[in-house]
Amino acid sequence: MTFYVTTPIYYANSLPHLGHLYTMIVVDTIARQKRQQGIETFFLTGTDEHGINIERAAKRNNRSPKEQADYVVGYYKKMTAAFGLDTSHGGYDIFMRTTAPFHYEGVSELWRRLAKAKTPKGNDALYKGHYEGWFCAACAEFKSEEEYQKPENPDDPPSCLIHETKLDRVSEESYFFRLSDFDQALLKLYEERLDFVQPEARRNEVKSFVGGGLQDLSVSRLKSSVSWGIPVPDDPKHTIYVWFEALTNYITAIGFGNQQQDRAVGFEKFWPALHVVGKDILRFHAVYWPAFLMAAGVEQPRAIVAHGMWVDPTGRKMSKTLGNTIELDVLNKFFPIDAVRYFCLREMVFGQDGRFGYENLIDRTNSDLASGLGNLSSRTLTMIQRYCDGHIPGANISDEARLSAKRAGVEDEAAIRDFLSHARDEFVRYFEALAFSKGLEEAWAIVARTDKMISDAKPWELAKDSGQRQTLNAVLYRAAETLRWLAVMLYPAMPEAAREIYAGLGLSDDPGKINPTDLKWGGLAEDTSIGEIKPLFPRIEKAKTMEEIKEDSTDTSQTPAAAETETHASVAGSGQHATEADAVPGVASYIDINDFAKVELRVGEVRTAERIPKADKLLLITVDIGEAQPRQILAGIAQYYEPEKLVGRKIVVVANLKPRKLRGYESQGMLLAASIGEEGKPVIATFAEDVPNGARLK
Ligand code: MSP
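Note that the structure is predicted; figures quoted are calculated from it, not measured.

A.B. asks: Quick question: what am I supposed to make of the overall build of the chain here?
C.D. replies: Helix and strand counts for the chain come out as 23 helices and 29 strands. Radius of gyration (C-alpha) of the chain: 30 Å, near the 26 Å computed for a compact globule of 698 residues. Taken over the C-alpha atoms alone, the chain extends approximately 95 × 75 × 45 Å along its principal axes. Taken over 698 residues, the chain has a buried fraction of 57%.

A.B. asks: How should the packing of aromatic side chains be read in this particular structure?
C.D. replies: Aromatic ring pairs: the centre-centre distance and the angle between the two ring planes describe each pair. According to the stated counting rule, one finds 32 aromatic pairs in the structure shown. When the ring of F343 is compared with that of F356, the centres are 5.0 Å apart and the planes differ by 70 degrees; the resulting orientation is edge-to-face. Here F343 is found in helix α12 (residues 337–347), whereas its partner F356 is found in the loop between β17 (354–355) and α13 (358–388), with 13 residues between them in sequence. The class for F356 is buried, based on a relative accessible area of 1%. One aromatic cluster in this structure is built from Y4, F42, Y250, F256, F267, F270, W271 and W289. Here R221 stacks its cationic end above the ring of F135, 4.3 Å away from the centre of that ring. The positively charged end of R283 is found above the aromatic ring belonging to F209, 3.7 Å away from the centroid.

A.B. asks: So what exactly am I meant to see when it comes to the pattern of salt bridges here?
C.D. replies: It is possible for side chains of opposite charge to pair when their charged atoms get near one another. Counted according to the given criterion, the structure contains 48 salt bridges. Here D70 makes a salt bridge to R97, at a shortest N to O gap of 2.6 Å. Of the two residues, D70 is situated in helix α3 (residues 65–82) and R97 in strand β3 (residues 94–97); the sequence distance between them amounts to 27 residues. Two residues, R346 and E441, come together in a salt bridge whose shortest N-O distance is 4.0 Å. With R346 in helix α12 and E441 in helix α16 (residues 436–457), this residue pair connects regions lying 95 residues apart in the sequence. Judged by its relative accessible area of 16%, R346 is buried.

A.B. asks: Before we go on, may I ask you to explain the side chain of D235 in this structure?
C.D. replies: As for its position among the elements, D235 is in strand β13 (residues 235–240). Residues in contact with D235, not counting those within four places in the same chain, are K128 and Y175.

A.B. asks: Help me understand the packing of helix α5 (residues 183–192) against helix α10 (residues 282–296), please; the structure alone is not making it clear to me.
C.D. replies: Two measures define how a pair of helices packs: the angle their axes make with one another and the distance between the axes. Running from N to C, α5 and α10 cross one another at 105 degrees; their axes reach a closest spacing of 10 Å. Of the possible angle classes, the one that applies to α5 and α10 is roughly perpendicular. For the pair formed by α5 and α10, the contact residues are A185, L186, L189 and Y190 on the first element and A286, V287, P290, A291 and M294 on the second. The residue makeup of the contact of α5 with α10, split by class, is nine nonpolar, no polar and no charged.

A.B. asks: Where do I start with the packing of helix α6 (residues 200–211) against α10 in this structure?
C.D. replies: Here α6 crosses α10 at 55 degrees, and the two axes come no closer than 11 Å. In terms of orientation, α6 lies oblique with respect to α10. Along this stretch, α6 crosses α10, giving a crossing that reads as right-handed. Across the interface between the two elements, R202, V206, F209 and V210 from α6 touch L282, R283, A286 and V287 from α10.

A.B. asks: Looking at this structure, I do not really get the pairing of β13. What am I missing?
C.D. replies: As paired strands, strand β11 (residues 220–222) and β13 are joined by three bridges and run antiparallel to one another. Paired with L222 across the two strands is H238, which belongs to β13. By the bridge criterion, two bridges tie strand β12 (residues 231–232) to β13 in an arrangement that is antiparallel. Looking at β13, one finds that P231 is bridged to T239. Between β12 and β13, which pair antiparallel in sequence order, lie two residues; one of them, D234, sits at a positive phi of approximately 65 degrees.

A.B. asks: Any chance you could explain the side chain of D368 here in plain terms?
C.D. replies: Structurally, D368 is set in helix α13. A relative accessible area of 12% means that D368 is categorised as buried. Polar side-chain contacts of D368 include one of 2.6 Å to the side chain of Y342. Those residues in contact with D368 that lie beyond four places of it in its chain are Y342, R346, L373 and W444.

A.B. asks: I tried to follow the site of the ligand on my own but got confused; where do I start?
C.D. replies: Inspection of the region around the ligand gives 24 residues, with I9, D48, G278, D280 and W310 positioned closest. Residue I9 places a main-chain N or O atom 2.8 Å away from a nitrogen atom belonging to the ligand. Residue G19 places a main-chain N or O atom 3.3 Å away from a nitrogen atom belonging to the ligand. Within the complex, 95% of the 660 Å² of free accessible area of the ligand lies under protein. Every element with two or more residues in the shell around the ligand is listed here: β1 (2–11), α1 (18–36), α7 (242–252) and β14 (274–278).

Rules used in this analysis
- Residues numbered from 1 in each chain as written.
- Predicted model: local features only at pLDDT ≥ 70, side-chain atom pairs only at ≥ 80, totals over all residues.
- Heavy atoms only, no water.
- Helix = DSSP H or I, 4+ residues; strand = E, 2+ residues; numbered from the N terminus.
- Rg over C-alpha atoms; globule rule 2.2 N^0.38 Å.
- Buried < 20%, exposed > 50% of the residue type's maximum accessible area, 1.4 Å probe, protein only.
- Phe/Tyr/Trp six-rings, centres within 6.5 Å; stacked < 30°, edge-to-face > 60°.
- Lys NZ or Arg CZ within 6 Å of the ring centre and 35° of its normal.
- Salt bridge = Lys/Arg side-chain N within 4 Å of Asp/Glu carboxyl O.
- Contact = heavy atoms within 4.5 Å.
- Axes fitted to C-alpha atoms, helices over the stretch in contact; angles between N-to-C directions.
- Parallel < 35°, antiparallel > 145°, perpendicular 65-115°, else oblique.
- Nonpolar A, V, L, I, M, F, W, Y, C, P; charged D, E, K, R; others polar.
- Left-handed = near helix turned anticlockwise from the far one by under 90°.
- Pairing = 2+ DSSP bridges.
- Polar contact = N/O pair within 3.5 Å; in protein donor to acceptor, adjacent residues only side chain to side chain.
- Near = heavy atom within 4 Å.
- Areas by Shrake-Rupley, 256 points an atom, 1.4 Å probe, with all protein chains shown as cover.

The quantities given are spatial measurements derived from coordinates; they are silent on function.
Spelled out as structure tokens, the structure:
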């Protein structure tokens, strides 16, 4: 039996952040779980290196596209090693790069097959036509009307709802994939295989998207507009659309279209794959990809599972373009790998969005790991060291000692065994269903129960009475054996901690090779001499660490203090994609005090405020900032603030912003507001004390 599991391949235009790490942690957990069960597993991750996005990033950084990709890949490799996700740490089996020659061959092969293929309705699967539409470079896709934000000024281009950046108008000759002929076949697939798209809520979304009818998909761009890519076979004027090419990596990686790669890995051996993806790219995986495969006559994936997004503490999706990411360097420096893994798996209910803040991570690390699992392990081992001379004691309680053991709160072995076996079964079931959070809750119920047994039995008291020797031994054996079970169970989620617990118990085998369902109570042999006692998860000093993290982070915009309310763009949304220089601590992204001094922030008092006809978002306000005349400012806050209520309010104005015209009115500045939640609700910055108009903020 084999198992093939994939992360998406990550864009090589910018450096990874927590969102990217998360998909790897999830897939790594799945792969370790399968390997533990003795299943030969192939785990793919990698980078998506072609397309306009990478071309642009390369240009900004004065590199060739390949150099850009190499640079980002170098960072990925460094980070995957640092987080124990690479091959040498038992993580991925292939770091797939779409610039690999075998990929090129495999993609060409798939294209050729489609060029000859018919749709389920008997038409040619590929045809040539013209495409005109709004294209988001950051998403690398054309956007339909619901997917973009219309501009305030009809002459301006719309913006991408995800990236808040301007879209490009693109019209050109293009090859099309006749997706519109695949709706019935896809719906049949979703009906026949209920677990094909998971979780169920996402499956329903996909079904209703397909049920609403599908449009043909443009699958090439002219080489003159996108040159960094794989040419269409026999028509090199065209470059294959990056998503078509990227999705194909899942089969080229294991040998589709290239014999050498096939011999090295094995297409027949490993296909079909389980694809783990973020919900933002589900449509590509659950609609387009199955349709391509159907047309080419290739077997469908095992399933496609979509996880939610990490959002920042204000609720916005974490992304480079928004500048609110959690940086991997910082995470790696301040937190044990397994604390990050635990947090990611425990805190995000798989499928739903999760909030990530360093403070939560510190709190969870301290409560669940330092005081929870870590403390259970170190107190157990310390007591075995102290009271049993560093040897695992015997578990047996003679008939005479049974009563006093019971009085001390020591359970029968049968009761513990039944409880543990049940909890283990639940844990495995949850993990197989990708309900990691629930599984970990089960495991922590074991930690709590064992802790309680120790606290009730008070081994330190028992140790004072030689008549209680058996009871003392029994408590410590039960705790140690439970730890052994926990180590095996938790291995897929926390491999390092599992190995340390194992070694601490004096065991030399690898918990990564023990199938948790094979665990039997009593497997820990009496008299085993325990290993070195190390604190598993040292407590993290919150205030001090938060300070240090702040100093180390380049991304200070996690809680944006200000937003350009004219456009609702957060202050971080500069309209430019962040380059990797922005993400490397200490490089290029700090401003110095002189830069800041260029921004003239002044206290103002709102004199008048009114709505503007036909502009539901804009308010026209006049503000006294201590000048001869009040300033006229347009603010995009009309959906959240009644104009009357603003009059008399003190606000903060960017006074030296170049005036600009919106809807025929000149805006002579900008007011500051926080931007809250995914929709960027503005909350105006104000003062608790009385301040004179015109006072400068510095
Ligand atoms: N290159 C495409 C995927 C092609 S797969 C054939 C792509 N790359 S990406 O770098 O933008 O994203 C890769 C993965 O990271 C996606 O699954 C995406 O959902 C995930 N994440 C990016 N930001 C994320 C969060 N803030 N939270 C969770 N996952 C996120 O899309």
